[in-house]
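Below, each chain spelled out in residue letters.
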Amino acid sequence: KQEVTQIPAALSVPEGENLVLNCSFTDSAIYNLQWFRQDPGKGLTSLLLIQSSQREQTSGRLNASLDKSSGRSTLYIAASQPGDSATYLCAVPEVSGYGNKLVFGAGTILRVKS
Amino acid sequence: DAGVTQSPTHLIKTRGQQVTLRCSPKSGHDTVSWYQQALGQGPQFIFQYYEEEERQRGNFPDRFSGHQFPNYSSELNVNALLLGDSALYLCASNPRASTYEQYFGPGTRLTVT
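A brief structural summary.

Reading the values: rules and limits
- Residues numbered from 1 in each chain as written.
- Chains lettered and ligands numbered in written order.
- Predicted model: local features only at pLDDT ≥ 70, side-chain atom pairs only at ≥ 80, totals over all residues.
- Heavy atoms only, no water.
- Disulfide = S-S within 2.5 Å.
- Helix = DSSP H or I, 4+ residues; strand = E, 2+ residues; numbered from the N terminus.
- Pairing = 2+ DSSP bridges.
- Axes fitted to C-alpha atoms, helices over the stretch in contact; angles between N-to-C directions.
- Contact = heavy atoms within 4.5 Å.
- Buried area = accessible area lost by both parts, 1.4 Å probe.
- Salt bridge = Lys/Arg side-chain N within 4 Å of Asp/Glu carboxyl O.
- Polar contact = N/O pair within 3.5 Å; in protein donor to acceptor, adjacent residues only side chain to side chain.
- Nonpolar A, V, L, I, M, F, W, Y, C, P; charged D, E, K, R; others polar.
- Buried < 20%, exposed > 50% of the residue type's maximum accessible area, 1.4 Å probe, protein only.
- Core = buried A, V, L, I, M, F, W, Y, C linked by side-chain atoms within 4.5 Å.

## Section: the state of the cysteines
Residues and elements named next belong to chain B.
Okay, so step 1: All told, the structure shown has two disulfides over all chains when counted by the stated rule.
Okay, so step 2: Paired by a disulfide, Cys23 and Cys91 hold their sulfur atoms 1.8 Å apart. Here the S-S torsion is close to -60°, and the disulfide linking Cys23 with Cys91 is therefore left-handed. Residue Cys23 is found in strand 3 (residues 19-24), and its partner Cys91 is found in strand 9 (residues 87-94); the two are separated by 68 residues along the sequence.

## So, the sheet that holds strand 1 (residues 5-7) of chain B
All names here are of chain B.
Okay, so step 1: Spatial ordering of the open sheet is given by 1-3-8-7, a layout of four strands whose pairing is antiparallel. The open sheet has two edge strands, strand 1 and strand 7 (64-68), and neither has a second partner. With strand direction ignored, the average angle separating the axes of adjacent strands in the sheet is 20°.
Okay, so step 2: Direction of pairing for strand 7 relative to strand 8 (residues 74-78): antiparallel, over a ladder of five bridges. For Gly66, the partnering residue across the bridge sits in strand 8 and is Leu76.

## A look at the interface of chain A and chain B
A common way to report how large an interface is uses the accessible area buried once the components associate.
Okay, so step 1: Taken together, the contacts link 25 residues of chain A with 22 residues of chain B.
Okay, so step 2: Surface buried jointly by chain A and chain B totals about 1,900 Å² across both partners, of which 50% is contributed by carbon and sulfur atoms.
Okay, so step 3: Counting across the chain A and chain B interface gives zero salt bridges.
Okay, so step 4: Here chain A is connected to chain B by four residue pairs in polar contact (both at pLDDT 80 or more).
Okay, so step 5: For the side of chain A that touches chain B, the secondary structure elements donating two or more residues are strand 4 (32-38), strand 5 (44-51), strand 9 (86-96) and strand 10 (99-104) of chain A.
Okay, so step 6: Its residues placed into classes, the side of chain A that touches chain B shows eleven nonpolar, eleven polar and three charged.

## Side note on the side chain of B:His29
Residues and elements named next belong to chain B.
Okay, so step 1: Tracing the chain through its elements places His29 in the loop between strand 3 and strand 4 (31-37).
Okay, so step 2: When its relative accessible area of 7% is taken as the criterion, His29 is described as buried.
Okay, so step 3: In terms of polar contacts, His29 uses its side chain to reach the side chain of Ser93, at 2.8 Å.
Okay, so step 4: Non-local contacts of His29, meaning those with residues more than four positions away in its chain, are made with Tyr72, Ser93, Asn94, Pro95 and Tyr103.

## Looking at the sheet that holds strand 6 (residues 56-59) of chain A
Residues and elements named next belong to chain A.
Okay, so step 1: With antiparallel pairing, five strands are arranged side by side in an open sheet as 1-3-8-7-6. For this open sheet the edge positions go to strand 1 (4-7) and strand 6, each flanked by a neighbour on one side alone. Taken pair by pair, the neighbouring strands of this sheet meet at an average axis angle of 15°, ignoring direction.
Okay, so step 2: Pairing between strand 1 and strand 3 (residues 19-25): four bridges, direction antiparallel. The residue of strand 3 that forms the bridge with Thr5 is Ser24.

## Details of the pattern of salt bridges
Okay, so step 1: Going through the model one piece at a time under the given rule, you end up with seven salt bridges over all chains.
Okay, so step 2: Salt-bridge contacts for A:Arg61 lead to A:Asp84; the nearest nitrogen and oxygen are separated by 2.8 Å. Here A:Asp84 lies in the loop between strand 8 (72-77) and strand 9 and A:Arg61 lies in the loop between strand 6 and strand 7 (62-67), a separation of 23 residues in the sequence.
Okay, so step 3: In this structure A:Arg61 comes out as partly exposed when scored by relative accessible area, which is 30%.
Okay, so step 4: Its salt-bridge partner being B:Arg57, residue B:Glu54 comes within 3.1 Å of it at the nearest N-O pair.
Okay, so step 5: Accessibility expressed as a relative area gives 27% for B:Arg57, which makes it partly exposed.

## Details of the nonpolar core
Okay, so step 1: Counting residues in hydrophobic clusters, the biggest one holds 23 residues, and the most contacted among them are A:Leu33, A:Trp35 and A:Leu75.
Okay, so step 2: Here A:Leu33 is in contact with A:Cys23, A:Phe25, A:Leu48, A:Leu49, A:Ile50, A:Leu66, A:Ser73, A:Cys90, A:Ala91 and A:Val92, once residues within four sequence places are set aside.
Okay, so step 3: Membership of the second largest hydrophobic core comes to 20 residues, among which are B:Cys23, B:Trp34, B:Tyr89 and B:Leu110.

## Description of the environment of A:Thr45
Residues and elements named next belong to chain A.
Okay, so step 1: Mapped onto the fold, Thr45 is located in strand 5.
Okay, so step 2: The partly exposed category is assigned to Thr45, whose relative accessible area is 44%.
Okay, so step 3: For the pair formed by Thr45 and Tyr88, sequence separation is 43 residues and the distance between their alpha carbons is 9.5 Å.
Okay, so step 4: With residues up to four places along the chain from it excluded, the contact list for Thr45 reads Trp35, Phe36 and Arg37.

Below is the structure:
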């Protein structure tokens, strides 16, 4: 059974700092890993998807890395801004039979102070 | 191109009542999944529908049931509501032949009093 853990649970940083969010998973046989952003009370916005054959994926100030063998992924946010304040979730698909479900971590709550 | 849509946005129900939530998948997607997200937690998988059948189910009681229509839209039904059913309910869709990337809707906030 796949389990996903995110560290830290919460993070508060001043504006402009570079920061790293961590995600670990127990079963390394994954197809991909997805990072999401969630604003309070809202749905999930996909930030980055890394395929199992990739090691990195970049979008603007965001960079996500994947190390399948160690069961880890990191989301790097450069030059953080107050607008980056949100909960960040990582998820991996768990495939069985006809279906596939996403298994999520509990998220990291990020606050960027101006 | 419309993304995943859900209705209603918010809902308040009383314990013991029944509720129906609705989801329309992103254009071109035929697989719909439902997730429950309690406050402060990550989303938990409820079930997934493809070709109008439930294909996979998470650890949720039979009070949670669903349906998928020929146009791929879906409903989530919850009977005999409990206080613990209060949560954000998220719908996600993906094309069947995909690399398992799922696209999420804005969610329905259910409050049970």
